[in-house]
Amino acid sequence: MTQHTVPPAPACPDCDGFSAAKVTLGGRAHTGALRIITAHCPACHGTGKQFARRFAATSAGR
Ligand SMILES: [Zn+2]
C-alpha cells in the first residue's frame, strides 16, 4: 500500500541544512559566561531550506 507523503523541502545548497552556528567572540561577560553570537546562513536566512521562489525563477525560463 502506498502512502501519500509530502517530500521534505530541499536543503539550502549553501549550508546543506546547517543554517546556524554559534560563534564565540572571545572573552567572557561579567557573569562569567562566554560571549556567543549565532551566525545565520546568508543564503537561506537561518531556515536551512531552499526557497520556493528559487525553483520558480529557474523553471520560468524553460
Ligand atoms: Zn543556508
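Residues numbered from 1 in each chain as written. Predicted model: local features only at pLDDT ≥ 70, side-chain atom pairs only at ≥ 80, totals over all residues.

(A) Looking closely at the overall build of the protein chain. Within the protein chain, the regular secondary structure consists of one helix and two strands. Secondary structure elements in the protein chain, listed N-terminal to C-terminal, are β-β-α. Counting the 62 residues in the protein chain, one finds 5% classified as buried. Of all intrachain contacts in the protein chain linking residues separated by at least 6 positions in sequence, the fraction that spans at least 24 positions is 54%. (Helix = DSSP H or I, 4+ residues; strand = E, 2+ residues; numbered from the N terminus. Buried ≥ 20, exposed ≤ 12 C-beta atoms within 10 Å, placed from the backbone. Contact = placed C-beta atoms within 7 Å.)

(B) Representation of the pairing of strand β1 (residues 20–28) within the structure. Counting buried residues in β1 gives zero out of nine residues, a small share hidden from the surface. Relative to strand β2 (residues 34–40), β1 runs antiparallel, the two being bridged by six bridges. Paired with A20 across the bridge in β2 is H40. What sits between β1 and β2 in their antiparallel hairpin is a turn of five residues, with G32 showing a positive phi close to 95 degrees. (Pairing = 2+ DSSP bridges.)

(C) Geometry of unusual backbone geometry. Even without being a glycine, D16 presents a positive backbone phi close to 60 degrees. Note on placement: D16 falls in the segment before β1.

(D) Here's a closer look at the environment of R35. Tracing the sequence through the fold places R35 in strand β2. Taking the number of C-beta atoms within 10 Å as the measure of exposure, R35 has 11 and is therefore exposed. Discounting residues that sit within four places of it in the chain, R35 has contacts with T24, L25, G27, R28 and A29.

(E) Spatial organisation of the environment of F51. Examined against the element boundaries, F51 turns out to sit in the loop between β2 and α1 (52–60). Given 15 C-beta atoms within a 10 Å radius, F51 is considered partly exposed. On a C-alpha basis, the gap between F51 and C12 in space is 8.0 Å, while along the polypeptide they are 39 residues apart.

(F) Geometry of the confidence of the model for the protein chain. Residues with a pLDDT of 70 or more make up 82% of the protein chain, whose mean pLDDT is 83. The least confident element of the protein chain, judged by mean pLDDT, is α1 at 54; the most confident is β2 at 94. (pLDDT = per-residue confidence, 0-100.)

(G) View of the environment of P13. For P13, the location among the structural elements is in the segment before β1. When the C-alpha atoms of P13 and C44 are compared, they prove to be 9.1 Å apart, with 31 residues separating the residues in sequence.

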